[in-house]
Amino acid sequence: MELSGLVSFLENRLTQSLPGAIAHDLMKPTLPGGLPIRVKHSEPHREGGVMILLYEEQGRVRFPLIQRPVYDGVHSGQIAFPGGKKEELDTDLIETAMRESMEEIGVNVSRMKVIGSLSKFFVAASNFEVLPVISYVDQPPVFTPDDREVSEIITPSLIDLVNETNRKTKKMEVGNGVTLEAPYFSLQQKVVWGATAMMLSEFTSILSEFESF
């Protein structure tokens, strides 16, 4: 699969109606018995941007995901997109996603060519509404992780992402001893679940329309 053909497809497809919640729900964790998870927040949600950064390497299109360090927070140790919260100087959430990606994985914003974005996604666990931005770089990047925010970078291929055998479900124990039924993507021996998996589900739904897969 050539990156150029995929970019041309996405540039057109992302201007049209997106799968949104229909695709998100396919990878949505639930309580035992399929009961929905309900989270209430007293504060207004914050805004953020995350990046799906595509590049071609040895005939395969790949993208980076980061593993968060273990810390006292809801996303401790999880696999995520590079990204973060919108700062006052950011003109929009696309700039947020680009800036945060540069800070976390070391890819200069001048190299990122923005294709478009997926549906905004509300991350209930952290009370963030994020915009998943899709961009690409012409050459495989040399990643420089920020040690404070990134413990590891993995680079799965889109072929692995759309492979249905890599969609699985397992029980996940989260805070306060709560056990969830969590659909996940198994990518490079990592469990990619929660908000990241739900956003990737929308991306895979769109990729399923691309003829070269």
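Remember, predicted model here, so these are calculated numbers, not experimental data.

Asks: Can you help me understand helix H3 (residues 93-105) in this one?
Replies: For an α-helix the count is 3.6 residues per turn, leaving residues at separations of three or four pointing the same way. For H3, with 13 residues, the first-to-last C-alpha span of 18 Å sits near the 18 Å given by 1.5 Å per residue. When we look at burial in H3, the residues that qualify are Leu93, Thr96, Ala97, Met98, Arg99, Glu100, Ser101, Glu104 and Ile105. Contacts made by the buried residues of H3 are with strand S1 (46-57), strand S3 (65-67), strand S5 (83-85), strand S6 (113-117), strand S8 (128-136) and strand S9 (152-154). Two or three places before Ile94, at the start of H3, stands the capping residue Asp92, its side-chain oxygen 3.2 Å from that residue's backbone nitrogen. Note on H3: the residue one or two positions beyond its end, Gly106, has a positive phi of about 80°.

Asks: In this structure, what is going on with the sheet that holds S9? I would like to understand it.
Replies: Sheet strands line up and pair through hydrogen bonds in the backbone, either parallel or antiparallel. Sheet architecture is open: three strands sit in the order S4-S3-S9, paired in antiparallel fashion. Single-partner strands in this sheet number two, and they are strand S4 (79-80) and S9. Bridge count between S3 and S9: three bridges; the pairing is antiparallel. Bridging from a neighbouring strand, Ile66 pairs with Ile153 of S9.

Asks: Would you take a moment to explain the nonpolar core for this structure?
Replies: If you look at the biggest cluster of nonpolar residues, it comprises 38 residues, and the most contacted ones within it are Leu6, Leu10, Leu54, Ile134, Leu158, Leu161 and Phe203. Looking at this core, the elements that each hand over two or more residues are helix H1 (3-13), S1, strand S7 (121-123), S8, helix H4 (158-162), strand S11 (179-187) and helix H5 (194-207). Broken down by element, this core gets its largest block of residues, eight residues, from H5. With near-sequence residues (within four places) excluded, Leu10 lies in contact with Leu54, Ile115, Ile134, Phe203 and Ile206.

Asks: Mind showing me how you'd approach the packing of H1 against H5 here?
Replies: The axes of two packed helices give the description: the angle between them and the distance between them. Two elements in contact, H1 and H5, have axes whose closest approach is 11 Å; the angle formed by their N-to-C orientations is 105°. For the element pair H1 / H5, the angle class is roughly perpendicular. Packed against H1, whose contacting residues are Leu6, Phe9, Leu10 and Arg13, the element H5 presents Phe203, Ile206 and Leu207 at the interface. Looking at the contact of H1 with H5 residue by residue, the classes come out as six nonpolar, no polar and one charged.

Rules and cut-offs
Residues numbered from 1 in each chain as written. Predicted model: local features only at pLDDT ≥ 70, side-chain atom pairs only at ≥ 80, totals over all residues. Heavy atoms only, no water. Helix = DSSP H or I, 4+ residues; strand = E, 2+ residues; numbered from the N terminus. Expected span 1.5 Å × (residues − 1). Buried < 20%, exposed > 50% of the residue type's maximum accessible area, 1.4 Å probe, protein only. Contact = heavy atoms within 4.5 Å. Polar contact = N/O pair within 3.5 Å; in protein donor to acceptor, adjacent residues only side chain to side chain. Pairing = 2+ DSSP bridges. Core = buried A, V, L, I, M, F, W, Y, C linked by side-chain atoms within 4.5 Å. Axes fitted to C-alpha atoms, helices over the stretch in contact; angles between N-to-C directions. Parallel < 35°, antiparallel > 145°, perpendicular 65-115°, else oblique. Nonpolar A, V, L, I, M, F, W, Y, C, P; charged D, E, K, R; others polar.

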